[in-house]
Amino acid sequence: MASEYTTSEYIQHHLTNAVMCTTENGIAFNKACSDAGFWSWHIDTLLWSIGLGVLFLWVFTNAARKATTGVPTKGQAFIEMTIEFVNSNVNETFHGKNAVIAPLALTIFVWVLLMNLMDLVPVDILPTIAGFIGSSAFGMDPHDVYMKAVPTTDLNLTFALALGVFFLIIYYSIKIKGISGFVKELTMQPFNHWAFIPVNFILESVTLIARPLSLALRLFGNLYASELIFILIATLGLWQLPLHFPWAVFHILVLPLQAFIFMMLTIVYLSLAHEDH
Amino acid sequence: MNINATLIGQAIAFAVFVWFCMKFVWPPLLGAIEERQKIIADGLEASDQAEKDLAVAQAQAAEQLKEAKAQAAEIIEQAKKRAKVLVDEETQRGHSERENIIAQGYAEIDAERNRAKEDLRKQVSALAIAGAEKILAREIDKDAQADIVAKLVDEL
C-alpha cells in the first residue's frame, strides 16, 4: 500500500477501471472521460479479458494441433481432462444434438476461470507496474493510472457473457419451438387459460430475464466482493500476512466454483430452451 | 462500475472466442479423445479375444497331451506284450535246443560206449587167442580154428 493514499482513496483507486474515450481533442483517458457517457471503454478489462481469452485459445489450439490418438503427453492429457470434464457435464445435462453448447461451455469455463484466477495476483503488483509505466513513459501521475486486473469484477464483462447466453437462449427457443411455440411458452404457462395470459407473461418474462441477470450479477458479486476483501486485507499493514493466506486458499475453491456455476447454468438454460412442452 | 461500450467489446470478444473454440479447438480435441477411446476399446476387445483364444488353445493342448499319453501307454503295452511273446518263444526254443543237445549227447555217448565195447571184445578175443596159443604151446591152424575163435568172440 502506497503511503501517500488514505485507505478509502487506496480502495477507490484499486477498484477503478482504466477508461478510454474519444473526445473532440482525440483520445482521452480516465478522468477526462467522466462525461463521455456510454461510449467509453474499460481498457484494462478489455486488455486482460481478451489477453486471457487468446491465451486460452492459443493453449488449446496448440493442444488440438498436436493431439494424437496414441499415448498423450502430460500437457495434452491435462487439456483433454478439461475437455472430458466439460463434455461429461454437457452430456449429463443436455440430451439434444447441438454443436455449439459444448464449445460454448468450454470457452465459458476456462475463460472465466482464467479471469477469476487474476484475483489471486497480489492486489498491488499490477496497479504498481501500470503506475510506473504510466508515470515514466507517459508522464502521468501514478495516482491517475488505473489498473483493475480482474475482468470478472467488471459488470460490463459479466453482462456481456450473460447477454451472449441470453441471446442463445432466445435463439434456440425460437429455433426449436418456433415463434408461436416461444410466445405460447411465455403466455400459457404456468396457468393454461387465456384469462391468465397477462399474469403468465409477467411471470415468465421475469423468469426469462432473471436468468442472464442472475448469471451476470452472481459472478460479478462474488468476484467483486472477494477482490474488495483482498484490497481491505492489503490495507492492514503487517496483519495482512496471516489474513491474506487463508483468504487466498479459500479462493482456490471459490474461483473455479464460480466458473463452474456459470458454465453449468449456461448448459441448463440452453437445455431448457431446447425442451419442447 | 458503470455500464459502457466495454459491454459491446466484450460481447464481440466472447462471440469470437466461442466461434473459434467451436471451429478449431473442440472438434479436433474431442475427435482425438474419441478416436483414442475407440482404439482403447478395440484393444480391450482384442485382449479379451486373445484371452479366449488362449483358453481354447490351452484346452486343445491339454486334449492333445492326453491323447499322446494314451497313445504312448498303448504303445508301451503293445511293446510289453510283444516282448513277452518274444521271451516266451526264445525260452521255448532254448528248451527244445537243450533237449536236442542233450539227446545228441546221449546218442554220442551210446555210440562211443558201443565202440569201446566192440574194441574191448576184439582185444579180449585177441587175448583169448593169445592165451590159448600159449596154453596149447603150438601153432593152431588159424584157418581151421577160425570158426572156434569167431564163436568165442560172439560169446563175449
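Scroll up to find the structure.
Bear in mind that the values here come from a model prediction, so they are computed numbers and not experimental data.

This part is about the overall build of chain B. In terms of regular secondary structure, chain B is built from 2 helices and 0 strands. Relative to its length of 156 residues, chain B is extended, with a C-alpha radius of gyration of 61 Å against a globular reference of 15 Å. Expressed along its principal axes, the backbone C-alpha trace of chain B runs to roughly 190 × 25 × 20 Å. Residue burial in chain B is summarised as follows: out of 156 residues, 12% are buried. Here chain B displays about 12,400 Å² of accessible surface, and carbon together with sulfur accounts for 60% of that area.

On to the overall build of chain A, then. Broken down by element type, chain A carries 8 helices and 3 strands. Sequence-ordered secondary structure for chain A, helices as α and strands as β, is α-β-β-β-α-α-α-α-α-α-α. Here chain A holds 277 residues, and the buried ones make up 47% of them. The long-range share in chain A, meaning contacts at least 24 apart out of those at least 6 apart in sequence, stands at 70%.

All names here are of chain A. Here helix H3 (residues 74-93) crosses helix H8 (residues 240-274) at 35°, and the two axes come no closer than 9 Å. Our pair here, H3 against H8, has a crossing hand that is right-handed. Residues Phe85, Val86, Asn89, Val90 and Thr93 of H3 form the contact with H8, whose participating residues are Phe260, Met263, Met264, Ile267, Val268 and Ser271. Grouping the constituent residues of the contact of H3 with H8 by class yields 8 nonpolar, 3 polar and no charged.

Here the focus is the side chain of His251 of chain A. All names here are of chain A. With respect to the element layout, His251 can be found in helix H8. Using a relative accessible area of 1% as the deciding quantity, one classes His251 as buried. Polar contacts involving the side chain of His251 include one to the main-chain carbonyl oxygen of Trp247, which spans 2.7 Å. Not counting residues up to four positions away in its chain, the partners in contact with His251 are Asp119, Leu120, Ser226, Phe230 and Pro256.

Here the focus is the pattern of salt bridges. Residues and elements named next belong to chain B. One pass over the full model with this rule turns up 7 salt bridges over all chains. Here Lys38 and Asp42 are joined by a salt bridge, their closest N and O atoms 3.5 Å apart. Here Lys38 and its partner Asp42 are both found in helix H1 (residues 6-136), 4 residues apart, which amounts to about one turn of the helix. The residue Glu112 makes a salt bridge to Arg115 at a minimum N-O spacing of 2.7 Å. Here Glu112 pairs with Arg115, and both are found in helix H1, just 3 residues apart, close to one helical turn.

Thresholds applied
- Residues numbered from 1 in each chain as written.
- Chains lettered and ligands numbered in written order.
- Predicted model: local features only at pLDDT ≥ 70, side-chain atom pairs only at ≥ 80, totals over all residues.
- Heavy atoms only, no water.
- Helix = DSSP H or I, 4+ residues; strand = E, 2+ residues; numbered from the N terminus.
- Rg over C-alpha atoms; globule rule 2.2 N^0.38 Å.
- Buried < 20%, exposed > 50% of the residue type's maximum accessible area, 1.4 Å probe, protein only.
- Areas by Shrake-Rupley, 256 points an atom, 1.4 Å probe, with all protein chains shown as cover.
- Contact = heavy atoms within 4.5 Å.
- Axes fitted to C-alpha atoms, helices over the stretch in contact; angles between N-to-C directions.
- Left-handed = near helix turned anticlockwise from the far one by under 90°.
- Nonpolar A, V, L, I, M, F, W, Y, C, P; charged D, E, K, R; others polar.
- Polar contact = N/O pair within 3.5 Å; in protein donor to acceptor, adjacent residues only side chain to side chain.
- Salt bridge = Lys/Arg side-chain N within 4 Å of Asp/Glu carboxyl O.

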